[in-house]
Amino acid sequence: MDQIFRKFTLSFVTVVVLYVFINNILLPESFGFGLDSYYLTLIGKYLCFAILALALDAAWGYCGILSLGHGAFFALGGYAMGMYLMRQIGDRGVYGDPLLPDFMVFLNWTELPWFWTGFDQPWFAALMIILVPGLLAFFFGWFAFRSRVSGVYFSIITQALTYALMLAFFRNEMGFGGNNGLTDFKDVLGYPISSERTRASFMIVSGLTLILFLISTSWAMTTKFGRVLLAIRDSEDRTRFLGYRVESYKLSIFVLSATMAGIAGALYVPQIGIINPGEFSPLNSIEIVVWVAVGGRGSLYGAALGAVVVNLAKTYFTGAYPDAWLYFLGSLFVLSTIFMPRGIVGVFQDSLHWLVTEKSRYRGTSSP
Amino acid sequence: MVIQPCKFLFRALLALFSSATFAFEDGLTLSQSSWADKAEWIEILSRDTTDEAEQILKHWVSGHLFYWPAENRLVAGFKQGRKYELRELISGVAINVVKRKAVNKIKVNNKLRSKIKQALAYRSLSSSDASKRLTAIAELKRKPDYSLLHTLLRLEEANRDLKTSRDLQTLVGLVYLESSKSTEQIEGIKRLTDNLSSEAKEGLSRLLLREDISSDVRALGLRTIRDIEKQLSYWGHAQDIVFGISLGSILLLAAVGLAITFGVMGVINMAHGEFIMLGAYTTFVVQQIIPGGSATALFVSIPAAFIVAGVAGILLEKSVIRHLYGRPLETLLATVGVSLLLQQMVRSIFGPLNQAVTSPEILSGSLVVNAAFAITYNRVFVIIFAALVMVGLWLLMYRTPFGVRLRAVTMNRGMAASMGIRSQRMDALAFGLGSGVAGMAGVAISQLTNVGPNLGQAYIVDSFMVVVFGGVGNLFGTAIAAIGLGVATKIVEPIIGPVLAKIVILIFIILFIQRRPRGLFALRGRSVEE
Amino acid sequence: MFSNSRIKKRLSVVWLVISLLTLNSVSAADSIKVGVLHSLSGTMAISETTLKDTVLMMVDRQNEAGGLLGKQLEAVVVDPASNWPLFAEKTRELLEKERVDVIFGCWTSVSRKSVLPVIEELNGLLFYPVQYEGEESSKNVFYTGAAPNQQAIPAVDYLIGELGAERFVLAGTDYVYPRTTNKILENYLKDLGVADSDIMINYTPFGHSDWQTIVSDIKAFGSAGKKTAVVSTINGDANVPFYKELGNQGISAEDIPVIAFSVGEEELSGFDTGPLVGHLAAWNYFMSAEADINDDFIEAWHQFTGDDGRVTNDPMEATYIGFEMWVKAVEKAGTTDVDSVRPALYGTAVPNLTGGTAVMHTNHHLQKPVLIGEILEDGQFEIVSATAGEVIGDAWTNFLPDSAKIIADWTSPVSCGNYNLETQQCSGQNF
């Protein structure tokens, strides 16, 4: 049954990606079948969130590592991309300075801080998108897992981590644009960032990344590596006693998860047009967990589904019921944890199960 | 343009009739004059020793002086809804109620207010009421006036009251500093030695900025001010620690409810901040019912907030948490939803704006150890309140049958149930207790900060940090952690600023947990790790 | 594994909930749509909900007066929830899906910055009613709030001239509006001859609530022999615990006056202002302004909200002015098309609520009077100083060397929001 849903999700995403590719990229605009920019950015955003949820589920659903600070990795990847985009502005900024972004001119800085060097090269930026969240996860996880910090304690210190990063990035002296963040992007890889083709391309890339991660992570979970992760989730001590180096496994999946989150952030920023320290907010990270829980923890496609469903609900309700949307969202969270303990995926599975057993009962031998 | 000759004329007339009283006809001129001219009027009025002048000044400084064109005179006006009730200046007898447009307010600004207060203070110097004298001296200290020297010296001689004499001594010292004679300046500096008040420092600094003082005076002044600064810095550190204890007591109140629900019961309640908010709003509602900003309202709100938040907690437990026991992460998610619901509910009922919660009279003002070291009464209240709450909880947990039962259920649910303890009921009550304490925290917090729908969000992350740092499942640990974090923050803050201080504390907690994964005082709580 | 009945029960609840969600809103056929982009939840809801209500009130009034161009106005309200990326998304929704003809919205500079690329790309029209830091002039945005020269500079002039201040504490929240304002003020003060040691600049994070240390620093700084004043660019309701602490530590307005730029009637309405009497604020409008048109506005506001205790404030007046100007320009242009309305806006004059006139200039800023008010016991302001006439908003302040050489003028021949007079080039935002 799992297979059915996974194939369904994958095909759905592929169809959407293909549709956009054909209509927005291949065919000329006049054909009119392309999606307009509102939907392109919206779907692109959902896809990035789906990748993020997937990343969290890989660590949580399969290894039991609940990180309440994944928003930090997402935001770091986003900032790396943002820094690249800021460098691309060149002298088209408000103050016309060829090297320094506007907010630095405004702060009276005369030269680029050392950590901004290299970000004008796309390959360097791409490297940083992968390295920075990964390295942070590595150091944080190495200390944490080695000291056997687990369970709720681990979750709380990830909250502390993202909260500290938020406060740090809000400071204008840090050199990341402070509360205004990085914005006013002009183009990416030479293409204007707000043209429809670029938007469509990003949406497609996000979709493809999601598909790639889905397939590869699902496959990874069927290997020995994945089996050990499941074992660690179900009983960490026992796995350790069996001779496996639990800390290494946990660290690996945590770093992989953080890197995926960083890539999601990097794809998110050009589509949204701004990255600001609010992305580090502790509540954002908790929301990611809610997406995964609503979708179905432990089934990667379920996490992606949950991210899309919750954000779809948010988009809809903030537009249709601006004064009361929090009631709907709050109720959604509460009801889904009580009535859908295994998420939407669980509901589907139960429905199918019920259908199958009902059918078989009628066909069965028991007489009324 | 027209005012200048008028002013000159009036002055000339005044010079002729030196004891002329303030004529009502001048009300019109007064209401139309500029700030500079109003300042002149205040000079005139302050030299006028009649009762009338005093009443005019008093009403003027409090913003109740109006010119009434209909009867061409000055009256006192008090706002009643959209209208004004007019009263006689001196007798206070009510005259009429008129629309706002029917009267012209005689405006006052900071500078004028200061002048008027000085004038009124001068009058109260020789009052028979000791408290009035003290207020007058305090006011005069703000702007030491050399011309008052002889009056003050005479007063000092005649004075027999101890409290007044200390203040008078300072005031005379300040006035001496304004002199141009070195002997008097030195006398002034001597009087102000070891005086830690900001007026003394201000006065000495002002003296040192002058260019016409002799080198002896300058040397003495510098020495005295350096001395004062050293003492101030010593007291400043002490004050930082007390600020830290105050901050810690707030953290403690906010976190201890969470320590109970989270630590003792294994339930992660992300709506904890909203229970604090409910307590704060309860205070507001109680104040609406018992108006007058009295202490009674505050003391009634404490049990009221406990009940409101406690009942909300029990309801939450029975409807949501009960279904999710043994699954701490699901409770986290469900309670996130509940927190959104509660915020929106409060926003719908009370509106998104902040609500005004007033502090009762007895809590205003400060506990003053010396001029450099004072703590406001409302913070003292919060510290004492936090201590009482901790003592109460300890007694409850360790000296009552309820506490024994609760701890039993915590340690071994099955066994406790076998011994006849209704564990489900204990769960609800324990959750109610934790939430109720959060409600009481809301009462305390409402005295110190804004009361709005987002109140809870500011405390939830900090509460978690405190509980985890102190050791989950341990009330004593929570107390130590809260006070410790508060003091640490307040010691670090003057050095590196508030943002960096917060970041440093957070990094410290992260590193600390990695060294001691169970927190400061680790105790076995119920299945938090399982 | 599971009992059938339990599954059935769960499933039925789930499907019930889903079916309840299939509600859709109905939109009127032929109407002019007005977008309202203000946060109704989250940290900014406190300030922005009032502005949403103001726009709704203006829409109602206009409809009662016969609508616009023969059609009724319809307000389309969305909630960006104090979430900056959501602002951009909602703007796109308003412009592309709902096809609104104008948007009234935003409060924080970040929200405006997120909306900017969207509104320039889709050629929308935004009226921004809040005081801000300048350094911007977009083709698609009309700034009806104060620029720094319409608030900060006259405020400091009052402190020096009237109150004789010689030492200054510039206290702000750490974000772009206070930073820019403080930068401008620091330069301005130094130009006037104030020494470096007489200026103390201090930034706090958002939502900072424990002011004990900072207030005692201010107290120490203020007892150095010279009259000290505080210029507060602390954000919104963080001012409340700040003022409380000032009162607690015995600092009265006569000792160290505080003039704030983000404290208005609304921020004071949730607060006991007894200890604050005498502290100041600088705005272009106060509810206590004596003008008939102001009384009418307040009356209408009380009727609309059904609450006699509601206050009005400067951003509300700015919203009012923006709305009236837009209506006038649409009537003049005969259409709601943005490219026709924009030129029609230049030179449009509309009475403001303090008895003067507001005129829209070609740099997309208004001319406004600058009022200094002192806080009264009832949370209102006593106007203690007013500029003789109105001051024209300057998007690029003359007190920062980099900005002094830039002007904004969207009419030909310049046709640019940031035209550098020295290099004779237009740079920056889309044009």
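Keep in mind it's a predicted model, so treat the numbers as computed, not measured.

How each quantity is defined
- Within every chain, residues take consecutive numbers counted from 1 along the sequence as written.
- Just so you know, chain letters begin at A and ligand numbers begin at 1, following the order they were written in.
- Two thresholds apply to this predicted model, a pLDDT of at least 70 for residue-level local features and 80 or more for giving and counting side-chain atom pairs, whereas whole-chain, interface and lining totals are computed over all residues.
- Only DSSP runs of H or I with at least four residues qualify as helices, and only runs of E with at least two residues qualify as strands; both kinds are numbered from the N terminus onward.
- We take the radius of gyration over the C-alpha atoms and set the globule estimate at 2.2 Å times the residue count to the 0.38 power.
- Whether a residue is buried, exposed or partly exposed follows from its count of other C-beta atoms within 10 Å of its own C-beta, namely 20 or more, 12 or fewer, or something in between, respectively; the C-beta atoms are built from the backbone.
- Each residue gets a C-beta atom placed from its backbone, and two residues are in contact if those atoms lie within 7 Å.
- Here the rule is simple: two strands pair whenever DSSP picks up at least two bridges between them.
- An automatic or database domain assignment supplies the residue ranges for each domain.
- Every axis in this analysis is a line fitted to C-alpha atoms, fitted for helices over the stretch in contact. Angles between the N-to-C directions lie between 0 and 180 degrees.
- Here the word oblique covers every angle except those under 35 degrees (roughly parallel), over 145 (roughly antiparallel) and from 65 to 115 (roughly perpendicular).
- A clockwise turn of the near helix away from the far one marks a right-handed crossing, whereas an anticlockwise turn of less than a right angle marks a left-handed crossing.
- Note on residue categories: nonpolar means Ala, Val, Leu, Ile, Met, Phe, Trp, Tyr, Cys or Pro, charged means Asp, Glu, Lys or Arg, and polar means any other residue, Gly included.
- Here, the term right-handed applies to a crossover whose path from the first strand over the helix to the second runs clockwise when the strands point away from the viewer.
- Linking buried Ala, Val, Leu, Ile, Met, Phe, Trp, Tyr and Cys residues through C-beta atoms within 7 Å yields a set, and such a set is a nonpolar core.

**Structural notes on the overall build of chain B**
Logical step 1: Scanning chain B from N- to C-terminus turns up 21 helices and 7 strands.
Logical step 2: Rg of the C-alpha trace for chain B: 31 Å, well past the compact-globule value of 24 Å for 530 residues, more than 25% over.
Logical step 3: A burial count over chain B gives 48% of its 530 residues as buried.
Logical step 4: Nonlocal contacts in chain B, meaning residues at least 24 apart in sequence, comprise 69% of its contacts between residues at least 6 apart.

**Notes on the sheet that holds strand E5 (residues 104-105) of chain B**
Residues and elements named next belong to chain B.
Logical step 1: As summarised here, the arrangement of the 5 strands in space is E4-E3-E2-E1-E5, forming an open sheet in which the pairing is antiparallel. Looking at which strands have only one partner, the edges of the open sheet turn out to be strand E4 (94-99) and E5.
Logical step 2: Here strand E2 (residues 73-80) pairs with strand E3 (residues 83-87) via 5 bridges, running antiparallel. Pairing of Ala-76 across the sheet is with Arg-87, part of E3.

**Overview of the domain arrangement of chain B**
By a widespread convention, an interface's size corresponds to the accessible area lost as its parts come together.
Logical step 1: Its domain assignment divides chain B into domain 1 (3-111), domain 2 (125-213) and domain 3 (252-453).
Logical step 2: For domain 2 of chain B versus domain 3 of chain B, the distance between C-alpha centres works out to 49 Å.

**Some remarks on the packing of helix H4 (residues 51-61) of chain B against helix H5 (residues 110-124) of chain B**
Residue and element names in this part refer to chain B.
Logical step 1: Remark: H4 packs on H5, axes separated minimally by 10 Å, with the N-to-C direction vectors making an angle of 140 degrees. Here H4 lies oblique to H5, going by the angle between them. Relative to H5, the crossing made by H4 is left-handed. Residues Glu-54, Leu-57, Lys-58, Trp-60 and Val-61 of H4 form the contact with H5, whose own contacting residues are Arg-113, Ile-116, Lys-117, Ala-119, Leu-120 and Arg-123.
Logical step 2: Split into classes, the residues belonging to the contact of H4 with H5 amount to 6 nonpolar, no polar and 5 charged.

**A look at the interface of chain A and chain C**
Logical step 1: Tallying the contact residues gives 42 residues for chain A and 41 residues for chain C.
Logical step 2: Put simply, the parts of the chain that give the side of chain A that touches chain C at least two residues each are helix H2 (37-63), helix H4 (102-106), helix H6 (151-170), helix H12 (300-320), helix H13 (325-339) and helix H14 (343-363) of chain A.
Logical step 3: For the side of chain A that touches chain C, the per-class residue count stands at 19 nonpolar, 17 polar and 6 charged.

**Focus on the pairing of strand E8 (residues 228-233) of chain C**
All names here are of chain C.
Logical step 1: Along E8, 6 of the 6 residues are buried, which leaves the element largely enclosed by surrounding structure.
Logical step 2: Residues Thr-228, Val-230 and Ser-232 point to one face of E8 and Ala-229, Val-231 and Thr-233 to the other, with burial holding for every one of them.
Logical step 3: Relative to E8, strand E6 (residues 167-173) is paired through 6 bridges, and the arrangement is parallel. For Phe-168, the partnering residue across the bridge sits in E8 and is Ala-229.
Logical step 4: Relative to strand E9 (residues 258-260), E8 is paired through 3 bridges, and the arrangement is parallel. Residue Ser-232 lies in a different strand from E9, and its bridge partner there is Ala-260.
Logical step 5: Handedness of the crossover joining E8 and E9 through helix H8 (residues 239-248): right-handed.

**Thoughts on the sheet that holds strand E17 (residues 406-409) of chain C**
Residue and element names in this part refer to chain C.
Logical step 1: If you walk across this open sheet you meet the 3 strands as E17-E18-E19, and the pairing is antiparallel. Unpaired on one side and paired on the other, E17 and strand E19 (425-426) mark the two borders of the sheet.
Logical step 2: The pairing of E17 with strand E18 (residues 416-420) spans 3 bridges and is classified as antiparallel. What sits directly across from Ile-407, in E18, is Tyr-419.

**Some details on the nonpolar core**
All names here are of chain A.
Logical step 1: Core analysis: the largest hydrophobic core is formed by 341 residues, its most contacted members being Ile-51, Leu-52, Ala-53, Leu-54 and Ala-304.
Logical step 2: Top contributing element to this core by residue count: H2, with 19 residues.
Logical step 3: Every residue in contact with Ala-304, bar those within four places of it in the chain, is listed here: Thr-9, Ala-50, Ala-53, Leu-54, Leu-210, Leu-214 and Gly-295.

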